[in-house]
Amino acid sequence: MADPLATLTHPPVPKSKLRNWSATYNCAPSLFFAPVSNQEVALVLTEAAKRGKKVRAVGLHNSPGPVWHSDEWLVSMRNFKQARFEAGKPRHAILGAGLSLREANPILASHGLSLPTVGSLPDVTVGACFCGPDHGSSAFHPIVTASAKACTIVLPSGEIRRIAVGEDLFRAAGVGLGALGIVTEVEFECDEAFGLEFTMTRIRLEDYLDDNDSGKKLFELARSEEYVKLWYYPCPTWSPSSPNTVLWRAKRTPMPPPRKEHWSVPYTAKLMHILHGLAYFTTTYLFPALQPYLNWIMFWLLASSLPKTQTLRSYEAQTMDCGYAQLVDEWCAALPAPSSPPSVTSSSKSPASPGAAILRRLVAYLNSREGRSIGMHAPVELRFSLNRGEDFYLSPGAPYGRLLGREGGRDEENDLMLWIEPIIYRPLNLPTPARFYRFTHFLEDLLRSYPASRPHWTKAHFPTPERELLRMWDAERVEAFRRVRKEQAR
Ligand SMILES: Cc1cc2nc3c(=O)[nH]c(=O)nc-3n(C[C@H](O)[C@H](O)[C@H](O)COP(=O)(O)OP(=O)(O)OC[C@H]3O[C@@H](n4cnc5c(N)ncnc54)[C@H](O)[C@@H]3O)c2cc1C
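Position numbers for residues start from 1 in each chain and track the written sequence from start to end. Note on the predicted model: pLDDT of at least 70 is required for a residue's local features to be given, and 80 or more for side-chain atom pairs to be given and counted; whole-chain, interface and lining totals, by contrast, use all residues. Computation of side-chain values: all heavy atoms of the structure, hydrogens and water removed.

Enquirer: Tell me about the packing of helix α9 (residues 354–366) against helix α11 (residues 434–448), and name the residues and values.
Expert: Orientation is described by axes fitted as lines to C-alpha atoms, over the contacting stretch for helices, and by angles from 0 to 180 degrees between their N-to-C directions. Numbering of helices and strands runs from the N terminus; a helix is a DSSP stretch of H or I covering at least four residues, while a strand is a stretch of E covering at least two. It is the contact of α9 with α11, at a shortest axis distance of 10 Å, that shows an interaxial angle of 155 degrees. Viewed along their axes, α9 and α11 adopt a mutual orientation that is roughly antiparallel. When the axes of α9 and α11 are compared, the crossing they make is right-handed. Residues I358, R361, L362, Y365 and L366 of α9 lie in contact with α11, whose contacting residues are F439, F442, L443, L446 and L447. Under the scheme applied here, ten amino acids are nonpolar (Ala, Val, Leu, Ile, Met, Phe, Trp, Tyr, Cys and Pro), four are charged (Asp, Glu, Lys and Arg), and all others, including Gly, are polar. For the contact of α9 with α11, the residue count by class is 9 nonpolar, no polar and 1 charged. Roughly parallel means an angle under 35 degrees; roughly antiparallel, over 145; roughly perpendicular, 65 to 115; everything else is oblique. Helix crossings fall into two classes, left-handed where the near helix is turned counterclockwise from the far one by less than a right angle and right-handed where it is turned clockwise. Residue contacts are counted whenever heavy atoms from the two residues lie within 4.5 Å of one another.

Enquirer: Explain the confidence of the model for the protein to me, and be specific about the residues and the numbers.
Expert: For every residue, the predictor states its confidence as a pLDDT score lying anywhere from 0 to 100. Here the protein shows a mean pLDDT of 92. Residues at 70 or above account for 97%. Low pLDDT (under 50) marks residues 344–348, which in the prediction has 5 contacts with non-local residues, meaning those over four places away or in another chain.

Enquirer: Break down the nonpolar core for me, with residues and values.
Expert: With 93 residues, the main nonpolar core has F130, L230, L359 and L382 as its most contacted residues. The element that contributes the greatest number of residues to this core is α9, accounting for 8 residues. Note that the domain bounds reflect an automated or database-derived domain assignment. Shared between two domains, this core takes at least three residues from each, and those domains are domain 2 (83–193 + 478–489) and domain 3 (195–462). Sequence-distant contacts of F130, defined by excluding residues within four places in its chain, comprise T145, A148, C151, F170, A173, G174, V175, V183, V186 and F392. To define a nonpolar core, start from buried Ala, Val, Leu, Ile, Met, Phe, Trp, Tyr and Cys residues and group those joined through side-chain atoms within 4.5 Å. Whether a residue is buried, partly exposed or exposed follows from its accessible area with a 1.4 Å probe, protein chains only, as a fraction of its type maximum: under 20%, in between, or over 50%, in that order. Counting 17 residues, the second-largest nonpolar core is a separate cluster that includes L196, Y233, A250 and A303.

Enquirer: Account for the domain arrangement of the protein, naming residues and giving values.
Expert: Entries for the protein in the domain assignment read domain 1 (4–76), domain 2 (83–193 + 478–489) and domain 3 (195–462). The C-alpha centroid of domain 2 is placed 20 Å from the C-alpha centroid of domain 1. Taken residue by residue, the interface counts 12 residues in domain 1 and 14 residues in domain 2. For any pair of parts, buried area is found by adding up, for both, the accessible area (1.4 Å probe) each one loses once the two are put together. When the buried area of domain 1 at its contact with domain 2 is split by residue, N38, L45 and L60 rank highest and sum to 43% of it. By definition, a salt bridge exists where a carboxyl oxygen of Asp or Glu is found within 4 Å of a side-chain nitrogen of Lys or Arg. Inspection of the region where domain 1 meets domain 2 yields 0 salt bridges.

Enquirer: An account of the environment of M376 is needed here, citing residue identities and associated values.
Expert: Relative to the elements of secondary structure, M376 occurs in the loop between α10 (369–374) and β20 (380–386). Once the C-alpha coordinates of M376 and P422 are considered, the two residues, 46 residues apart in sequence, prove to be 8.4 Å apart.

Enquirer: So what's going on with the pattern of salt bridges? Residues and values would help.
Expert: Going through the model one piece at a time under the given rule, you end up with 39 salt bridges. Here K251 and E197 are joined by a salt bridge, their closest N and O atoms 3.7 Å apart. One end of the pair, K251, is in strand β16 (residues 245–253); the other, E197, is in strand β14 (residues 195–203), with 54 residues separating them in the sequence. On the basis of relative accessibility, which here comes to 25%, the residue E197 falls in the partly exposed class.

Enquirer: Tell me about the layout of surface pockets, and name the residues and values.
Expert: When its volume is computed, the second largest pocket comes out at roughly 1400 Å³. In the cavity and pocket records, a cavity denotes points on a 1 Å grid over the protein atoms alone where a 1.4 Å probe fits but cannot get out, a pocket denotes an open set with protein on both sides within 12 Å along at least 5 of 7 lines, and lining residues are residues with an atom within 4 Å of a point. In this structure, the second largest pocket is lined by 47 residues; those nearest its centre are R56, V67, H69, L177 and A179. Looking at which element gives the most residues to the lining of the second largest pocket, the answer is helix α13 (residues 475–489), with 5 residues. Residues belonging to the lining of the second largest pocket are distributed by class as follows: 28 nonpolar, 11 polar and 8 charged. Grid points are joined across faces, edges and corners, and a volume is the space filled by probe spheres set on the points.

Enquirer: Could you give an account of the side chain of D191, with specific residues and numbers?
Expert: The topology assignment puts D191 in strand β13 (residues 191–192). Throughout this description, a polar contact denotes any pair of N or O atoms lying within 3.5 Å of each other; where both atoms belong to protein, one of them has to be capable of donating a hydrogen while the other can accept it, and for residues adjacent in sequence the pair is counted only when both atoms sit in side chains. Only 2.9 Å separates the side chain of D191 from the side chain of R252, close enough to count as a polar contact. For D191, the residues in contact, after removing those within four places along its chain, are R91, G112, L113, S114, P116 and R252.

In structure tokens form, the structure reads like this:
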């Protein structure tokens, strides 16, 4: 009998090589598929079920990994690049799962639309953005995934389903890392297209952290403009009041024309990458003790030109050139609205603001003798998202009222998540020295020791044991996710 897979438009490729963005992970799936329709995705999934094969979707394989494995079948979404706009839904866009945000953002703009927030990396596919989670930085908007209102998913049985907000399956598939099925298109609710006027200034991070960890000053800083993020440079300073952090704040403006880059920009960027790479090579592999001083120089090279204001399209302002290969670990922690601190019961000795407490201890560690000896790279990126407006079962941004011991699991309107992302560069793609893994161990132990802190699923992190999963999301959510997944796998 003929092999049903032979009917696919593009025959599967055996052992094709796949490498992630930071070159920290390689894999060669046993078969690599590039279907062109929902029906072809369904065929791959049903054939895999018959042959006992595991299948996973892949976007631009930028995630740190190990998300994929060599004995699996991989399904690329590269042929799902359609964009549809329905007359009856003026602010909705239905985007193919294989479109990258680099491609999707200008398409949305040409229809007078913008996503309310986007992350720093434009090379993320719509499918990964939905299954991710992807987040930008705004205390007034939840993670990017929250803008998704419906999607088309092909289930392991081969059934093609359209699912939407309010359905259990949608709550499980969003931020579900593709564990429920393969998403082929996502319907987003957008805002009217807008620009951002952003201003960069210098501050001292410690001025926004208080000894009793109320989180009040940090919370107020996060809400001081619609979009706020911070880059903290662990480095020695002239005095206890000298700045060590760049504060990036942006407010909405009417949509400006697209950015026109001077011809020299790519060459200057290339030169900067080379200089940056050489400097980091020296401190990472030869003289780690010099790293805090290099951070100091990097900070002042940037800070001496501040304050600086610029207006760009929203997606141009929020995304950035991420430079060269990095090992990143990212977690988020609760930054509750200070007006309504969590009740502290005898069983939970939680500070009012776990996010602020974690950050204070992290800064203290980085400035300690032990922390300095690691030679942590700069910057440590700090971002915010609203802890309301999405309710995917396993989302890091899911409500945390119950985890903080609040009465009846009450969630507050303005609660935030603080995202903490140390960046460890990999100059010349050389292996990362062990001391940086000691640092990520320290960071994760610190985060895990507080309630309501959770890993970013598509960034590198150490495994989350069952016990911790149940604690971080609360057992009810995890059970609900598993129940829905089991129902679909039947
Ligand atoms: C330099 C850099 C900067 C970054 N900046 C940010 C940031 O600012 N904010 C942020 O939140 N993240 C950020 N990230 C993380 C990034 O958003 C994620 O790694 C994202 O998943 C990458 O997109 P991708 O298309 O390469 O996904 P992939 O790496 O290909 O896939 C990611 C996961 O999604 C699953 N998946 C992908 N498509 C589908 C689909 N159609 N159906 C079902 N499952 C699917 C895959 O199986 C995999 O588990 C950054 C990453 C890098 C490398």
